[in-house]
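# Reading the structure
Take a look at the letters that make up each chain.
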Amino acid sequence: MTQAIKDKVKAFVIENFLFGDSAYELADDASLIENDIIDSTGVLELVAFIEDDFGIVMADADIVPQNLDSLARISAFIEAKAAVPVSA
């Protein structure tokens, strides 16, 4: 499942932050922030994408570089959140 998640996130990043430049070498562990691919507004767009496309509600505490700074971290975060049952 992780590869499918990673592919979907990568497609979103390429389309929205690299303006469709699929020739850009975006490594799974490359920092999206340090490489100036996303900024603070981009983080909010990324959060909205994750919530809408994966049905995950992100708390403020989840919106940190440890979860959102690379394709690998985003994929791992989504997979971990998807595996946690929602408590009522």
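Thresholds applied
Per-chain numbering applies: the sequence of each chain, read as written, is numbered from 1 onward. A pLDDT threshold of at least 70 governs which residues receive local features in this predicted model, and a stricter bar of 80 or more applies before side-chain atom pairs are shown or counted, although totals over entire chains, interfaces and linings include all residues. Side-chain numbers here rest on the full set of heavy atoms in the structure, without hydrogens or water. UniProt positions are given in the numbering used here, feature names are shortened, and annotations may be inferred rather than shown by experiment. Segments assigned H or I by DSSP are reported as helices when at least four residues long, segments assigned E as strands when at least two residues long, and all are numbered from the N terminus. Throughout, an axis means a line fitted to C-alpha atoms (over the contacting stretch in the case of helices), and angles, computed between N-to-C directions, take values from 0 to 180 degrees. For classification purposes, angles smaller than 35 degrees are called roughly parallel, those larger than 145 roughly antiparallel, those between 65 and 115 roughly perpendicular, and all remaining angles oblique. Each helix crossing is assigned a hand: it is left-handed if the near helix lies turned anticlockwise from the far helix by less than a right angle, otherwise right-handed if that turn is clockwise. Two residues qualify as a contact provided that any one of their heavy atoms is within 4.5 Å of a heavy atom in the partner residue. In the scheme used here, Gly and all other residues not listed as nonpolar or charged are polar, with Ala, Val, Leu, Ile, Met, Phe, Trp, Tyr, Cys and Pro taken as nonpolar and Asp, Glu, Lys and Arg as charged. Relative accessibility thresholds used throughout: buried, under 20% of the residue-type maximum; exposed, over 50%; partly exposed, between the two (1.4 Å probe, protein chains only). The span one expects for a helix is its residue count, reduced by one, times 1.5 Å.

## Examining the UniProt feature "domain: Carrier" (unreviewed entry) in the protein chain
Mapped onto this structure's residue numbering, the UniProt feature "domain: Carrier" (unreviewed entry) falls at residues 3–82. Taken end to end, residues 3–82 has its terminal C-alpha atoms 14 Å apart, with 57% of it in helix and 0% in strand.

## Brief notes about the packing of helix 1 (residues 2–17) against helix 4 (residues 71–83)
Where helix 1 contacts helix 4, the axes come no closer than 9 Å and their chain directions differ by 125 degrees. By the angle class used here, helix 1 and helix 4 are oblique. With respect to the hand of their crossing, helix 1 and helix 4 are arranged in right-handed fashion. Contact residues: T2, I5, K6, V9, K10 and V13 in helix 1; L71, I74, S75, I78 and E79 in helix 4. Among the residues forming the contact of helix 1 with helix 4, the class breakdown is six nonpolar, two polar and three charged.

## As for the packing of helix 1 against helix 2 (residues 40–54)
Think of two packed helices as two axes; the pair is described by the angle between the axes and how far apart they sit. Interaxial distance between helix 1 and helix 2 falls to 11 Å at its minimum, and their mutual angle equals 140 degrees. When the axis of helix 1 is compared with that of helix 2, the two are oblique. The handedness of the crossing between helix 1 and helix 2 comes out as right-handed. Between helix 1, through I5, K8, V9, F12 and F17, and helix 2, the contact on the second element is made entirely by G42, E45, L46, F49, D53 and F54. Tallied by class, residues from the contact of helix 1 with helix 2 come to seven nonpolar, one polar and three charged.

## Notes on unusual backbone geometry
Of note, the phi angle at F19 is positive, near 55 degrees, even though the residue is not glycine. Positionally, F19 belongs in the loop between helix 1 and helix 2. Judged by relative accessible area, which is 74%, F19 ranks as exposed. A positive phi angle is found at D36, which is not glycine, with a value near 55 degrees.

## Some thoughts on helix 4
When the terminal C-alpha atoms of helix 4 are compared, their 18 Å separation across 13 residues agrees well with the 18 Å that a helix rising 1.5 Å per residue should span. Of the surrounding secondary structure, the elements contacted by the buried residues of helix 4 are helix 1, helix 2 and helix 3 (65–68).

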